[in-house]
Amino acid sequence: MKVSVQAEPFDLGAELADFGTGRADVGAVVSFTGIVRDDTGAMEALELEHYPGMTERAIAKIVDQAVERWSLSDVTVIHRHGRLAVGEQIMMVATAARHRVAAFEAAEFLMDYLKSRAPFWKKEHGPEGTSWVAAKDEDEDALKRW
């Protein structure tokens, strides 16, 4: 299991190259990569702040829940912090499980958690200045299915 909160970009190919391979208990690997997007047409960058240590522990706790609930063989969660330009990778989730349904559901569960509950504070930068990003109702609603 791997949980990393980092400022540096990650190499998706390298992260996934050996993920879940060589194991007799893995029948499915699912991965998701989040990209910084501009919903307004005026965002230049997204800045993420966090408390080192606390954020990693919070993510590791939810990873442990996913491992137990879906009997995962392996998990990788990488989430970046700092100032990220539109189009940059912001996070990735990879899950490995015996069956595809478990791998997909666990990945969605982790992504929903990261979007709405992981302790990051987000600030948008644009030509008009900066503004903090508020929680969205649809992100909170996504958690209700779990």
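Everything below is about the structure printed above this text.
Residues numbered from 1 in each chain as written. Predicted model: local features only at pLDDT ≥ 70, side-chain atom pairs only at ≥ 80, totals over all residues. Heavy atoms only, no water.

Q: Whenever I open this one, the side chain of His50 confuses me. Can you help?
A: Looking at the element boundaries, His50 is found in strand S3 (residues 45-50). Apart from the residues lying within four places of it in its own chain, the contact partners of His50 are Val5, Thr55, Glu56, His81, Pro119, Phe120 and Trp121. (Helix = DSSP H or I, 4+ residues; strand = E, 2+ residues; numbered from the N terminus. Contact = heavy atoms within 4.5 Å.)

Q: Can you walk me through the pairing of S3 in this structure?
A: Side-chain positions along a regular strand alternate between the two faces of the sheet. The sheet contact formed by S3 and strand S5 (residues 82-85) spans 4 bridges and is antiparallel. Bridged to Leu46 within S5 is Leu84. Across 6 bridges, the pairing between S3 and strand S7 (residues 120-126) is antiparallel. By the bridge assignment for S7, Ala45 is matched with His125. (Pairing = 2+ DSSP bridges.)

Q: So what exactly am I meant to see when it comes to the sheet that holds strand S8 (residues 129-132) here?
A: The strands making up a sheet are joined through hydrogen bonds of the backbone, oriented either antiparallel or parallel. Spatial strand order, S5-S3-S7-S8: 4 strands in an open sheet with antiparallel pairing. Two strands lie at the open edges of the sheet, namely S5 and S8, each paired on one side alone. The average angle at which neighbouring strand axes cross in this sheet is 25 degrees, direction not considered. (Axes fitted to C-alpha atoms, helices over the stretch in contact; angles between N-to-C directions.)

Q: Would you explain the nonpolar core in this entry?
A: Soluble globular proteins tend to bury their nonpolar side chains together. Counting residues in hydrophobic clusters, the biggest one holds 31 residues, and the most contacted among them are Ile59, Val93, Leu110 and Leu114. Of all the secondary-structure elements, those providing two or more residues to this core are strand S2 (28-35), S3, helix H2 (54-70), strand S4 (74-80), strand S6 (89-97) and helix H3 (100-116). Examining the composition of this core, we find that 9 residues originate from one element, H3, more than from any other. Apart from residues lying up to four places away in sequence, Leu110 is in contact with Ile62, Val63, Ala66, Val75, Val93 and Thr95. (Core = buried A, V, L, I, M, F, W, Y, C linked by side-chain atoms within 4.5 Å. Buried < 20%, exposed > 50% of the residue type's maximum accessible area, 1.4 Å probe, protein only.)

Q: Looking at this structure, I do not really get the packing of H2 against H3. What am I missing?
A: If you want to describe how two helices pack, look at the angle between their axes and the distance between the axes. For the pair H2 and H3, interaxial distance at closest approach is 10 Å and the crossing angle is 155 degrees. Comparing the axis directions of H2 and H3 gives the class roughly antiparallel. As H2 runs across H3, the sense of the crossing is right-handed. Each of Ala58, Ile59, Ile62, Val63, Gln65, Ala66, Arg69 and Trp70 in H2 lies in contact with H3, whose residues at this interface are Ala102, Glu105, Ala106, Phe109, Leu110, Tyr113 and Leu114. (Parallel < 35°, antiparallel > 145°, perpendicular 65-115°, else oblique. Left-handed = near helix turned anticlockwise from the far one by under 90°.)

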